Amino acid sequence: TVRKLRTQYACETVLDYGCGQSKLAEALEYPAWLYEYDPAVAGKDAEPPHADLVVCTDVLEHIEPGLLDDVLVHMHGCARKVLLLNIATVAAGKFLEDGRNAHLIVQDAAWWQERLEAFFRIEDFTLGDGHVTLVVQRQIRVGDELRTKSAVSPTIRAENMRVNCPRVEGRIALLPPHDLTAILCCYGPSLRDT
């Protein structure tokens, strides 16, 4: 799935958010384009780099409920394009030392969908046996609202921008990917024709 999403969304880099014992890196044979982050693992607990694709599997259900929004904001900031999330929706078979279930958040798929829609646009939603898998894109904050709408996929939109920018004299060329702030001002007949 990670390889497929990398191709589909033209992702150069991938971040395994909550990498644990590096199972994803092992399965992918430790590629140079994969970064790992886990605040509970020494040596992998430094602030993670931004990545085109953020993968977070079997992590969010372990977060303290009061800290979930902070983690989602952090993940939002790490992702340049898309995220793959896999979240357990049932209790774990293990318990913490204080007696709590290891899955600190046990909620159904509908609850997770509503919670995640505050931060991300859901592209794909798959129910499994005791878990939900989602492919989500970053929402961009505009004032106090979240707005993203597109009639085409991000890949097609990026290609349209690449082809059309040089066609009109005076338009600036597209910059390579970066971590800086950009303001895009758009106008033209496309609004009228859409």
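In case you missed it, the structure is sitting above this.
Throughout what follows, the structure given in this document is the object of discussion. Nothing here was measured: the structure is a model prediction, and the numbers come from that model.

1. A few points about the sheet that holds strand β1 (residues 14-17)
1) Next: Read across the sheet, 6 strands follow the order β2-β1-β3-β4-β6-β5 without closing on themselves; strand pairing throughout is mixed. Looking along the sheet, the strands with just one partner apiece sit at the ends: β2 (34-37) and β5 (120-127). Neighbouring strand axes in the sheet, compared pairwise and without regard to direction, differ in orientation by 20 degrees on average.
2) Next: Note: β1 against strand β3 (residues 51-57), 3 bridges, orientation parallel. Among the inter-strand pairings, Val14 is bridged to a residue of β3, identified as Leu53.

2. A word on the layout of surface pockets
1) Next: Estimated volume of the second largest pocket: approximately 620 Å³.
2) Next: Along its surface, the second largest pocket is lined by 24 residues, and Gly18, Gly20, Asp38, Asp58 and His62 are the ones closest to its centre.
3) Next: Counting residues per element, the ones that place at least two in the lining of the second largest pocket are β1, α2 (23-27) and β3.
4) Next: Taken together, the residues of the lining of the second largest pocket break down into 13 nonpolar, 6 polar and 5 charged.

3. Details of the side chain of Asn101
1) Next: Residue position: Asn101 is located in the loop between β4 (79-88) and α4 (109-117).
2) Next: Judged by its relative accessible area of 16%, Asn101 falls in the buried class.
3) Next: A distance of 2.8 Å separates a polar side-chain atom of Asn101 from the backbone nitrogen of His103.
4) Next: If near-sequence neighbours (up to four positions away) are discounted, Asn101 is found in contact with Ala91, Ala92, Lys94, Phe95 and Leu96.

4. Re helix α3 (residues 68-78)
Side chains three or four residues apart in an α-helix point the same way, a direct result of the helix having 3.6 residues per turn.
1) Next: Buried within α3 are the following residues: Leu68, Val71, Leu72, Met75, His76 and Cys78. All buried residues of α3 project into a common sector of 160 degrees when viewed along the axis, lining one side.
2) Next: On its buried face, α3 is in contact with β1, β3, β4, α4, β5 and β6 (131-138).

5. Remarks on the side chain of Thr89
1) Next: Here Thr89 is to be found in the loop between β4 and α4.
2) Next: Of note is the side chain of Thr89, whose polar atom sits 3.4 Å from the backbone nitrogen of His131.
3) Next: Excluding its chain neighbours within four sequence positions, the residues that come into contact with Thr89 are Val106, Gln107, Asp108, Ala109, Trp112, Gly130, His131 and Val132.

6. Considering unusual backbone geometry
1) Next: Even without glycine at this site, Glu29 takes up a positive phi of about 65 degrees.
2) Next: On the basis of relative accessibility, which here comes to 66%, the residue Glu29 falls in the exposed class.
3) Next: With a phi close to 55 degrees, Asp58 is a non-glycine residue in the positive phi region.
4) Next: You can see Asp58 is positioned in the loop between β3 and α3.
5) Next: Overall, Asp58 belongs to the partly exposed group, its relative accessible area being 45%.

Scoring rules and cut-offs
- Residues numbered from 1 in each chain as written.
- Predicted model: local features only at pLDDT ≥ 70, side-chain atom pairs only at ≥ 80, totals over all residues.
- Heavy atoms only, no water.
- Pairing = 2+ DSSP bridges.
- Helix = DSSP H or I, 4+ residues; strand = E, 2+ residues; numbered from the N terminus.
- Axes fitted to C-alpha atoms, helices over the stretch in contact; angles between N-to-C directions.
- 1 Å grid on protein atoms, 1.4 Å probe; cavity = no way out; pocket = protein on both sides within 12 Å on 5 of 7 lines; lining within 4 Å.
- Points joined across faces, edges and corners; volume = space filled by probe spheres on them.
- Nonpolar A, V, L, I, M, F, W, Y, C, P; charged D, E, K, R; others polar.
- Buried < 20%, exposed > 50% of the residue type's maximum accessible area, 1.4 Å probe, protein only.
- Polar contact = N/O pair within 3.5 Å; in protein donor to acceptor, adjacent residues only side chain to side chain.
- Contact = heavy atoms within 4.5 Å.
- Arc of directions from axis to C-beta.

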